[in-house]
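This is what each chain is made of:
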Amino acid sequence: MGLNSEALAALFEEQLVSWKQAGDNYKALEGVVVKNIDVSGYPFKVQFNPARIVSSSAKVDKKSIKERKCFLCAANRPEVQKGISYVDGSTGEEYVVLINPFPIFPRHLTIPLTEHEDQLISGKMGVMLSLSEKLSGFTLFYNGPKCGASAPDHFHFQAGNKGFLTIEKELPSMEKQLLAEKSDLKVSVVKSVFKGLFSIESSDLKKSEEAFEKIFAVLPIKADEKEPMVNILTWYEKGVYTTLLYLRDKHRPSHYFAEGDDNILLSPASVDMGGVLITPLEKDFNKIDAETIREILDEISVSDEDVRVISNKIKTVL
């Protein structure tokens, strides 16, 4: 069975009936509470989603990863979990498209590589772009190993309904500083509440991929890390590939580790950076406000000086 809209619809229909846990969580998603918060003119949605406690509180230190079985490897996935095979035409790599049993979106996919290898995006951006075109009703996203990925030891993408994230609607009207524009490629730094947000737009997949790799090669890498800290969103619309690259400075904000009333269990990943904040605890949903969101974003994102330095480097390589 090939990867197409009919196959995906059939997969969801079968899995939500045969897999009780997934079926219950998707049913519960219909009743999640959402509130809207404006932060410096940008509209965020905050979702109270108890099922996401599994991801938000995931232990991703080396010891914990080593001691648990990888839940994205076929041998360790629930027997009831089925998927659709996808072989990338360029790399020859095989992926499997699975429904995510702990959804944020009405249709939420996890797309792991069949081979067990680390969550490192370089060399795989072309696959992400291809999938964004293949999954035309979805936005693809990638969480770096220290930027929200609950399985940093197994390479994977995720995808959710296109139009769900507020950034998709807001991006066209957001202020941008053009860094490069030539032969069907436009690269900009987006001026907004998100520091270190860069966009790549092109109708040519290869040009998008090449621009990403050049940009990625000049990004700073922290000590003991294998790649820059990033969240990535990609979608394909009206013949154009749009890729958003969020540069990160920290994995989790100080609010995550605070004691007592100051604690907020929010572990920002691509969905949060895309404008939909996920709070698995009701106390945090009730408490979070514009000031807290601004504090969290400022703490986990790169600085204005970093953005300036990186922007200048991007200009030299494109």
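See the structure printed just above.
Note that the structure is a prediction, hence the values are computed from the model and not measured.

Reading guide: rules and limits
- Residues numbered from 1 in each chain as written.
- Predicted model: local features only at pLDDT ≥ 70, side-chain atom pairs only at ≥ 80, totals over all residues.
- Heavy atoms only, no water.
- Salt bridge = Lys/Arg side-chain N within 4 Å of Asp/Glu carboxyl O.
- Helix = DSSP H or I, 4+ residues; strand = E, 2+ residues; numbered from the N terminus.
- Buried < 20%, exposed > 50% of the residue type's maximum accessible area, 1.4 Å probe, protein only.
- Axes fitted to C-alpha atoms, helices over the stretch in contact; angles between N-to-C directions.
- Parallel < 35°, antiparallel > 145°, perpendicular 65-115°, else oblique.
- Left-handed = near helix turned anticlockwise from the far one by under 90°.
- Contact = heavy atoms within 4.5 Å.
- Nonpolar A, V, L, I, M, F, W, Y, C, P; charged D, E, K, R; others polar.
- Core = buried A, V, L, I, M, F, W, Y, C linked by side-chain atoms within 4.5 Å.
- Phe/Tyr/Trp six-rings, centres within 6.5 Å; stacked < 30°, edge-to-face > 60°.
- 1 Å grid on protein atoms, 1.4 Å probe; cavity = no way out; pocket = protein on both sides within 12 Å on 5 of 7 lines; lining within 4 Å.
- Points joined across faces, edges and corners; volume = space filled by probe spheres on them.

A.B. asks: Any chance you could break down the pattern of salt bridges for me, citing the residues and the numbers?
C.D. replies: Within the structure shown, the criterion is met by 14 salt bridges. For Glu-117, the salt bridge goes to Lys-124, with nearest N and O atoms at 2.7 Å. Here Glu-237 makes a salt bridge to Lys-162, at a shortest N to O gap of 3.1 Å. With Glu-237 in strand E11 (residues 230-237) and Lys-162 in the loop between strand E7 (156-161) and helix H6 (166-170), this pair connects stretches of sequence that are 75 residues apart. A relative accessible area of 22% means that Lys-162 is categorised as partly exposed. Three or more residues are tied together by salt bridges with common partners; here these are Glu-93, Glu-117 and Lys-124.

A.B. asks: Break down the packing of helix H5 (residues 125-134) against helix H7 (residues 205-217) for me, citing the residues and quoting the values.
C.D. replies: Where H5 meets H7, the closest approach of the two axes is 9 Å, and the angle between their N-to-C directions is 140 degrees. Relative to H7, the element H5 lies oblique. H5 and H7 meet at a crossing whose hand is right-handed. Two secondary-structure elements touch here, H5 through Met-125, Gly-126, Leu-129 and Ser-130 and H7 through Leu-205, Ser-208, Glu-209, Phe-212 and Glu-213. Looking at the contact of H5 with H7 residue by residue, the class counts come to four nonpolar, three polar and two charged.

A.B. asks: Tell me what's going on with the nonpolar core, and back it up with residues and numbers.
C.D. replies: Grouped together as the largest cluster of nonpolar side chains are 53 residues, with contacts concentrated most on Ile-111 and Phe-157. If we ignore the near neighbours within four places in the chain, the residues touching Ile-111 are Tyr-95, Val-96, Val-97, Leu-131, Leu-135, Leu-140, His-156, Phe-157 and Ala-159. In this structure, Leu-171, Leu-233, Leu-244 and Leu-297 belong to the second largest nonpolar core, which totals 34 residues.

A.B. asks: Pulling in residues and values, what's your account of the packing of aromatic side chains?
C.D. replies: By the definition in use, this model includes 15 aromatic pairs. When the ring of Tyr-95 is compared with that of Phe-155, the centres are 6.4 Å apart and the planes differ by 70 degrees; the resulting orientation is edge-to-face. In this pair, Tyr-95 is assigned in strand E4 (residues 94-99) and Phe-155 in the loop between strand E6 (138-143) and E7, connecting sequence segments 60 residues apart. A single burial state applies to Tyr-95 and to Phe-155, both of which are buried. With 5.1 Å between their ring centres and 70 degrees between their planes, Tyr-256 and Phe-257 make a pair best called edge-to-face. A relative accessible area of 11% places Tyr-256 in the buried class. By relative accessible area, Phe-257 is classed as exposed at 53%.

A.B. asks: Got a sec to walk through empty space enclosed by the protein? Specific residues and values, please.
C.D. replies: On inspection of all chains with the given rule, the structure shows one cavity of 30 Å³ or more. What the largest cavity holds in volume is close to 30 Å³. Lining the largest cavity are Leu-266, Pro-268, Asp-272, Met-273, Leu-277, Ile-293, Ile-296, Leu-297 and Ile-300. Elements represented by at least two residues in the lining of the largest cavity include exactly helix H9 (270-273) and helix H11 (290-300). Take the lining of the largest cavity: its biggest share by element is four residues, from H11. Across the lining of the largest cavity, the residue classes tally to eight nonpolar, no polar and one charged.

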